[in-house]
Amino acid sequence: MTMNFFRGVMGGQPAGPQPTGAETIHKLCDRVASSTLLEDRRDAVRALKSLSKKYRLEVGTQAMDHLIHILQTDRSDSEILGYALDTLYNIICNDEEEEQDESEDENAQKHEEDLGVLFTDKFLGDSESVTLLLTLLEEFDFHVRWPGVKLLTALLKNQCNQVQGVILVSPMGVSRLMDLLADSREVIRNDGLLLLQQLTKGNAAIQKIVAFENAFERLLDIITEEGSSDGGIVVEDCLLLLVNLLKNNSSNQNFFKEGSYIQRMKPWFEVGDDNSGWSAQKVTNLHLMLQLVRVMVSPVNSPGATSSCQKSMYQCGLLQQLCTILMATGVPADILTETINTVSEVIRGSQINQDYFASVNAPSNPPRPAIVVLLMSMVNERQPFVLRCAVLYCFQCFLYKNQKGQGEIVATLLPSTIDANSISAGQLLCGGLFSADSLSNWCAAVALAHALQDNLTQKEQLLRVQLATSLGKPPVSLLQQCTNILSQGSKVQTRVGLLMLLCTWISNCPIAVTHFLHNQENVPFLTGQISENLGEDERLVQGLCALLLGICIYYNDNSLENYTKEKLKQLIEKRIGKENFVEKLGFVTKHELYSRAAQKPQPIFPSPEQMLFDHEFTKLVKELEGVITKAVHKTSEEEKKEEEVKKTLEQHDSIVIQYKDLIRDQDTQIQELREQVSTLTLNSEQMQNQVTQQQSQIQQHKDQYNILKLKLGKDSQGLSSSQGEGAHVNGLHSEELGQLREEVEELRRQHTLQHTQLSDKDSLINTLRCGAAAAAQTAEGGAGGSDNTELLGEVESLRSRVQAQCAEISQLQTERLELIRRAEAVSSAPASSSESSADTVKVSELESRLAAQTTETERLKEECRGLREGHAGLEQQLASAQSTVAIEQTEKTKLQQEVQESKKEQDDLLMLLADQDQKILNLKQRLRDLGETIDEDEDDLDARDQFGEDDDDDDEEEDEENND
């Protein structure tokens, strides 16, 4: 079919001139653009694909637009899509051409690379082309997805930033690419890894999106499935992608740590006893794994993130596993070197990790500390240079911010701790310091300088070290031996190392400066070195000698009469010249290797000859260069003024410290008083609540008593009414008159007796009623609100006083801050006499205010104590009120019982009187019926008796009302 198609394209002429490649491609492009049948377009695209490698320029120039149009219109046919994508890949990708042009000149290769960039720019002319390509990647068909992945990878290689920008703004663009890792076809998954490597280069935003698309989990799973370090190229691709995602990306590093992915790295470094015969791929994989660990704990990361990762690596056992590789046998040299560098950064600045590393022993007989074994490699000139640099870096990281480790290293040099039967770290450093190998000299000097870094105690301790140079001669100090070797004119590398050690040793240590100046030969040697006009190689040594002499001036305590600050400056001015001295001092920072060493803590040098500067020493030079220049140019008068200013500042500092302590104590006392006031306020509120509850209870009892009193009044009125109604008596029959009179007399006597008893009962009731009223008044008066009002007034007064106290304290603290600020201002510039007097007045005023504050605090304590006593009295009153209420309740209960009994007796009496009155009435009626005349006097007497009783009852009711 293809041959027939070509014949059709060629016009069907078997003979004659053959069309050129450009003409054929032009006809194919016309067929692609004009054919209506899908088969014709498919055949034309297939033909373009076959010509795209040989005629790359022609196909790219003429067919790209048609191919992109095919991708847009023929989405339903996967075959033509695959041909179009393959053709685009062939004209954009440079890999194939680079392989073919290996034997050609560089110009041809450059031309091919330019073609790839040219066609990439043409494809990216419309950003929708990349979006269309991302859409095609969703097709599951292998013939579409695979060439789409390769094409997008080629675009990223040629124009990474532009393609990244389009993918970043494309909806779900990164998510579509992450789906490639889940493809069951390994070739697509593996090419997807290569695509993501290119996509994540240098773009933090895409790195974050990829990480949050669960990339870490998927990549670690793939590494495990492929066999970890024993895996193939796929493991390498996964590790490269992980490095891209984590390097210099704090967000992804934190996500990696928080996701507990560090723990999953530990099995990667499990090695057996037999480590011979490692494949090149395994070495590459393990190298990348170590690099990934270093990315997480790199010194360029933020200190907090690095410390957190170091802690996780120790807790999960990753550090222990790395130390196992470090001490294992048969490990390839480059893996061992990278492992040492990795362990270095895992322990750098982490006290826990540094302590663990100090406890690691090598599997030797007898066992030796890992530090000692590593130092033996460092001072051994037969070891590889990169390995010796790695050991030095490990030793530096072990001592970084580790005063405990510094003390242990220096202790191995002291006379009291030297063990003749074993090799110590100090002995190895001294041996390397004085060996014939200049690189060993430099490494040992730098390592020993790190044992003294920012540690005044160890600088002073190292002055005690004595060395036996030869038999029959007295021992010399380590400091003196270093200066002796320096004066013997050894190699530049050795002298630079010794000068860095001496500068680090005596800086910020006046005692070491005194020991150095005590040797009469040291100062003449330094001035002679600085004043000479030497070659280019010696200029660095001259600069370091100037730095050492400047340190002797700046940190001089003037304890040696011949070498005071002033005399040393006069010596410089006479023999060297101040300007010449400063110029020689500037040689150090102007050296090209100085800038390289100042960039990173790790000592990385192309060759041993370029190993001259240490990273920490560059910091020291940067710190001291300016102050030494000022100290050399400073006159004696300026020195005296500076000393006076220092003394004044020290006095001010001591005064400020005293007042800070006093104010801190006052703050503590005030805080305690505030807590006491809060407690008392809370207690006052609780007592107020109790008082309110007691008042409500008393009010309830009073209401109950009033109700009972009203009931008693109604009962008495009913009794009087009943007695009045029972006083009417009718006539009786005459024949029964005598008997009735006798009965009436008897009834009158009984009535009189009962009336007397009733009067007694009423008087008793009145007496009880008066007692209850008096008790109620007493209870009400005992629980009154006068004490509560007084207590609340005291609490409010106390609160106002506390608020005033807080305002006074705030003003005092403001003045304290002003004093501190003035003290700092004095420290930055010499204080004038007027400012000193103002500070003195301020201090006096502050003292007086503090004294007043102390008095006010004591008075506040007394008021708090009085308030507590008032609370105690209130509690006693409350207890008394409660007991009074309980007594009243008991009396009220007894009164109610007596009232009930009285009512019962009154009811019985009323019933009896009613019966008697009824009998009298019946008898009188019978007498009238019998015709007997009832004596009116008797009726009047009965009526008067009845009326008298009514009057008595009325008087009793009036008395009760008056009592009420």
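Scroll up to find the structure this text is about.
Residues numbered from 1 in each chain as written. Predicted model: local features only at pLDDT ≥ 70, side-chain atom pairs only at ≥ 80, totals over all residues. Heavy atoms only, no water.

Draft legend 1. The arrangement of the packing of helix H32 (residues 539-554) against helix H34 (residues 578-585) in detail. With their axes 7 Å apart at the nearest point, H32 and H34 run at an angle of 115° to one another. The two elements H32 and H34 meet at a crossing, and its hand is left-handed. From H32, Gln542, Gly543, Ala546, Leu547, Leu549 and Gly550 reach across to H34, where they touch Phe581, Lys584 and Leu585. Residue classes in the contact of H32 with H34 are distributed as five nonpolar, three polar and one charged. (Axes fitted to C-alpha atoms, helices over the stretch in contact; angles between N-to-C directions. Helix = DSSP H or I, 4+ residues; strand = E, 2+ residues; numbered from the N terminus. Left-handed = near helix turned anticlockwise from the far one by under 90°. Contact = heavy atoms within 4.5 Å. Nonpolar A, V, L, I, M, F, W, Y, C, P; charged D, E, K, R; others polar.)

Draft legend 2. The arrangement of helix H4 (residues 56-73) in detail. End to end, H4 covers 24 Å across 18 residues, agreeing with the expected 26 Å (1.5 Å per residue, within 8%). The axis of H4 is deflected most strongly, by about 60°, at alanine 63. Those residues of H4 that fall on the buried side of the exposure criterion are Arg56, Val59, Gly60, Ala63, Met64, Leu67, Ile68, Ile70 and Leu71. (Expected span 1.5 Å × (residues − 1). Bend = angle between axes of the 7 residues up to and from the residue. Buried < 20%, exposed > 50% of the residue type's maximum accessible area, 1.4 Å probe, protein only.)

Draft legend 3. Looking closely at the side chain of glutamine 253. Inspection of the secondary structure puts glutamine 253 in helix H16 (residues 250-258). Classification of glutamine 253 as buried rests on a relative accessible area of 4%. Those residues in contact with glutamine 253 that sit more than four places away from it in its chain are Leu246, Lys247, Asn248, Val295, Met296 and Asn301.

Draft legend 4. Broad picture of helix H14 (residues 215-225). Buried residues of H14: Ala215, Phe216, Leu219, Leu220, Ile222 and Ile223, and no others. All buried residues of H14 project into a common sector of 155° when viewed along the axis, lining one side. Facing away from the buried side of H14 by more than 90 degrees, the exposed set consists of Thr224 and Glu225. Its buried side turned inward, H14 meets helix H11 (173-178), helix H12 (186-199), helix H13 (204-212), helix H15 (233-246), H16 and helix H17 (280-296). Once H14 ends, the next one or two residues include glycine 227, with phi positive near 105°. (Arc of directions from axis to C-beta.)

Draft legend 5. Quick peek at the nonpolar core. Membership of the largest hydrophobic core comes to 208 residues, with the highest contact counts inside it found for Leu152, Leu177, Trp268, Phe269, Phe357, Trp505 and Leu547. Residue contributions to this core peak at twelve residues, all from helix H23 (residues 385-399). Those residues in contact with tryptophan 268, other than ones at most four positions away along the chain, are Leu220, Ile223, Ser228, Ser229, Leu239, Leu242, Leu286, Met289 and Leu292. (Core = buried A, V, L, I, M, F, W, Y, C linked by side-chain atoms within 4.5 Å.)

Draft legend 6. Representation of the packing of aromatic side chains within the structure. Overall, the coordinates contain eleven aromatic pairs when judged by the stated rule. Both rings, one in phenylalanine 142 and one in tryptophan 146, keep their centres 5.4 Å apart while their planes meet at 25°; by these two values the pair is stacked. Of the two residues, phenylalanine 142 and tryptophan 146 are both situated in helix H9 (residues 142-158); the distance of four residues between them amounts to about one turn of the helix. On the basis of relative accessible area, phenylalanine 142 is assigned to the partly exposed category, the value being 27%. By relative accessible area, which is 26% here, tryptophan 146 ends up partly exposed. Between tyrosine 594 and phenylalanine 613, the aromatic rings sit 5.6 Å apart at their centres with planes inclined by 90°, giving edge-to-face as the arrangement. With tyrosine 594 in helix H36 (residues 592-597) and phenylalanine 613 in the loop between H36 and helix H37 (615-633), the pair connects residues that are 19 residues apart, well separated along the chain. Each of the two residues, tyrosine 594 as well as phenylalanine 613, counts as buried. Positioned above the aromatic ring of phenylalanine 140 is the side chain of arginine 185, whose terminal nitrogen or guanidinium carbon lies 3.9 Å from the ring centre. (Phe/Tyr/Trp six-rings, centres within 6.5 Å; stacked < 30°, edge-to-face > 60°. Lys NZ or Arg CZ within 6 Å of the ring centre and 35° of its normal.)

Draft legend 7. Main features of the environment of glutamine 315. Within the secondary structure layout, glutamine 315 lies in helix H18 (residues 303-315). Along the chain, glutamine 315 and glutamine 263 lie 52 residues apart, while their C-alpha atoms are 8.9 Å from each other.

Draft legend 8. Examining the packing of H9 against H12 more closely. The contact between H9 and H12 brings their axes to 9 Å, and the two run at 20°. It follows from the interaxial angle that H9 and H12 lie roughly parallel. At the point where H9 passes H12, the crossing takes the left-handed sense. Residues Phe142, Arg145, Trp146, Val149, Lys150, Leu152, Thr153, Leu156 and Lys157 of H9 form the contact with H12, whose participating residues are Val187, Ile188, Asp191, Gly192, Leu194, Leu195, Gln198 and Leu199. (Parallel < 35°, antiparallel > 145°, perpendicular 65-115°, else oblique.)

Draft legend 9. A look at the environment of phenylalanine 216. As for its position among the elements, phenylalanine 216 is in helix H14. What makes phenylalanine 216 buried here is its relative accessible area of 0%. Each C-alpha atom of the pair phenylalanine 216 and cysteine 238 lies 9.6 Å from the other, and the pair is 22 residues apart in sequence. The contact partners of phenylalanine 216, leaving out residues within four places of it in the chain, are Ala211, Leu242, Leu245, Leu246, Asn252, Phe255, Phe256 and Tyr261.

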